[in-house]
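A look at the structure
In case you want the letters, here they are:
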Amino acid sequence: MARRGKKKGRPISGWLILDKPVGMGSTEAVSKIKWLFQAEKAGHAGTLDPLASGMLPIALGEATKTVPYVQDGAKIYRFTVAWGQERSTDDLEGPVTKDSDLRPSEAEVLALLPKYTGVIMQTPPQFSAIKIAGERAYDLARDGATVDIPSREVEIGRLDIVGHNADHTVFEVECGKGTYVRSLARDMGRDLGCFGHISELRRVEVEPFTPEDFVTIAELEAARFGVRDEDSSEAADVADTTEAADTTEVADAVEAPIDFDAIDALLVDTSAALDCLPQIAISDDAATRIRLGNPVIIRGRDAPVEAEEACATARGKLVAIGAIEQGMFKPKRVFAG
């Protein structure tokens, strides 16, 4: 029988709220963060296109179990629509497919906004991660196929104008899961008769995280290698080789000492993703029982009797997500102590 290989990396857990730069893909960002932390496991909550910047919540270790709760959270984007051209990708990356000499006034744009507020039907872009017959829409589009993507309901909490000139309008939108900002630009351009595409896009917030949680690549590298921002280029060059080399070998190639305490301090606690759930404080004995998969009775005058989902903590540390039925907590997803 083959011996099971030892896991690589540290069992570090928490959320890293990355301020992703333009030009970096979400998968690339996760790989870099995983390497910087030397983490066993990493994933992200909501893809950002390479041409977009801003908040990319990255889960490490046990925090990956809480990714769905962040994916379901409201998001805020600030974006610029360039009027006069529609593009195949609905952003700057694709070629122009339609153009117009018309340009909308601010009053015309403002009058259109109620149509795009509330629960609306939206068709995702041709270049999107939507699966069609088992294949990603963007793969089909790159092969030259025109894909019939069904429209779907999305929720727009608010859509505001924050700047306007003859050729561009800057918006801020608060929206729910599954909303494509590129589709907003495309559809508004068609309604205004002038066409439009995204020329700049930044994700400002992903609930429950805020801009105060932002961490940049430069800050991570400075903490990881114990160097100033201006001295971190050498460390960054080493980090960029991780796709072609084993992380252990790359780590050995870095001469600067590794200060994991400094970089770990930049993480947000795993439990922050679960603020949307009822919080139940339990004893150490109850925590031990729950981690073994056993239900426990919830005590306390204010403890809920029923809840489809709740979060159990012991001494402020996350223990499990579970259901409360007839005053008993039944674990569904347990977290390492």
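Check the entry above for the structure.
This report concerns the structure included in the present document. (Residues numbered from 1 in each chain as written. Predicted model: local features only at pLDDT ≥ 70, side-chain atom pairs only at ≥ 80, totals over all residues. Heavy atoms only, no water.)

Remarks on the nonpolar core
In this structure, Ile33, Phe37, Phe79 and Met188 are the most contacted members of the largest nonpolar core, which totals 45 residues. Considering every element that reaches this core, the biggest residue donor is helix 1 (residues 26-37), with six residues. If you look at the next biggest cluster of nonpolar residues, it comprises 15 residues, including Ala286, Val296, Ala314 and Phe329. (Core = buried A, V, L, I, M, F, W, Y, C linked by side-chain atoms within 4.5 Å. Buried < 20%, exposed > 50% of the residue type's maximum accessible area, 1.4 Å probe, protein only. Helix = DSSP H or I, 4+ residues; strand = E, 2+ residues; numbered from the N terminus.)

With respect to the packing of aromatic side chains
Taken as a whole and assessed by the stated rule, the structure comprises three aromatic pairs. Over the aromatic face of Phe260 sits the side chain of Arg10, whose NZ or CZ is 3.8 Å from the ring centroid. (Phe/Tyr/Trp six-rings, centres within 6.5 Å; stacked < 30°, edge-to-face > 60°. Lys NZ or Arg CZ within 6 Å of the ring centre and 35° of its normal.)

Regarding the pairing of strand 4 (residues 75-83)
For strand 4, the tally of buried residues reaches eight of nine residues, placing the bulk of the element in the interior. Relative to strand 11 (residues 168-175), strand 4 runs antiparallel, the two sharing eight bridges. Among the inter-strand pairings, Ile76 is bridged to a residue of strand 11, identified as Glu174. Where strand 4 meets strand 12 (residues 196-206), nine bridges bridge the pair, whose relative direction is antiparallel. The residue bridging Ile76 from the neighbouring strand is Glu205, located in strand 12. (Pairing = 2+ DSSP bridges.)

A few points about the pattern of salt bridges
For the structure shown, the criterion picks out 17 salt bridges. Between Arg10 and Asp264 there is a salt bridge, with the nearest N and O atoms lying 2.8 Å from each other. Here Asp264 lies in helix 9 (residues 260-264) and Arg10 lies in the segment before strand 1 (14-20), a separation of 254 residues in the sequence. The partner of Asp72 in a salt bridge is Lys177, and the shortest N-O contact between them spans 3.2 Å. Here the residue Asp72 occupies a position in the loop between helix 2 (67-71) and strand 4, and Lys177 occupies one in the loop between strand 11 and helix 5 (181-192), the gap between them amounting to 105 residues. Because the salt bridges share partners, they merge into one network encompassing Arg78, Arg158, Asp160, Glu172 and Glu174. (Salt bridge = Lys/Arg side-chain N within 4 Å of Asp/Glu carboxyl O.)

Some details on helix 10 (residues 284-291)
Considered for burial, the residues of helix 10 that qualify are Ala286, Ala287 and Ile290. The arc enclosing the buried residues of helix 10, seen along the axis, measures out at 105°, which places them on a common side. Residues of helix 10 that are buried sit in contact with strand 14 (296-297), strand 15 (307-314), strand 16 (317-325) and strand 17 (328-334). With its phi angle positive at about 90°, Gly293 sits one or two positions after the end of helix 10. (Arc of directions from axis to C-beta. Contact = heavy atoms within 4.5 Å.)

Some thoughts on the pairing of strand 16
Most of strand 16 is tucked away: seven of the nine residues are buried. Strand direction decides the pairing type here: strand 15 and strand 16, joined by six bridges, are antiparallel. Within strand 16, the position partnered with Ala314 by the bridge is Lys317. If you look at the hairpin formed by strand 15 and strand 16, you'll find two residues sitting between the two strands, and Arg315 has a positive phi there, around 55°. The hairpin formed by strand 16 and strand 17 contains two residues between the paired strands, and Gln326 there has a positive phi angle of roughly 55°.

Considering the sheet that holds strand 17
What holds strands together in a sheet is hydrogen bonding between their backbones, with the strands either parallel or antiparallel. Strand order in the open sheet formed by five strands is 13-15-16-17-14, and the pairing between neighbours is mixed. Pairing within the sheet leaves two strands with one partner each, and these edge strands are strand 13 (279-281) and strand 14. Both strand 16 and strand 17 contribute to a ladder of six bridges, which runs antiparallel. Looking across to strand 17, one finds that Ile324 is bridged to Phe329. Of the strands in this sheet, strand 14, strand 15, strand 16 and strand 17 are in contact with helix 10, which crosses strand 16 at around 75°. (Axes fitted to C-alpha atoms, helices over the stretch in contact; angles between N-to-C directions.)

Things to note about the environment of Trp35
Structurally, the position occupied by Trp35 is in helix 1. What makes Trp35 buried here is its relative accessible area of 2%. In this structure, the C-alpha to C-alpha distance between Trp35 and Gly9, residues 26 residues apart in sequence, is 8.5 Å.

Some points on the side chain of Gln38
Structurally, Gln38 can be placed in the loop between helix 1 and strand 2 (42-44). Taking relative accessible area as the criterion, Gln38 reaches 14% and is therefore assigned buried. Separated by 2.8 Å, the side chain of Gln38 and the backbone oxygen of Trp35 make a polar contact. (Polar contact = N/O pair within 3.5 Å; in protein donor to acceptor, adjacent residues only side chain to side chain.)

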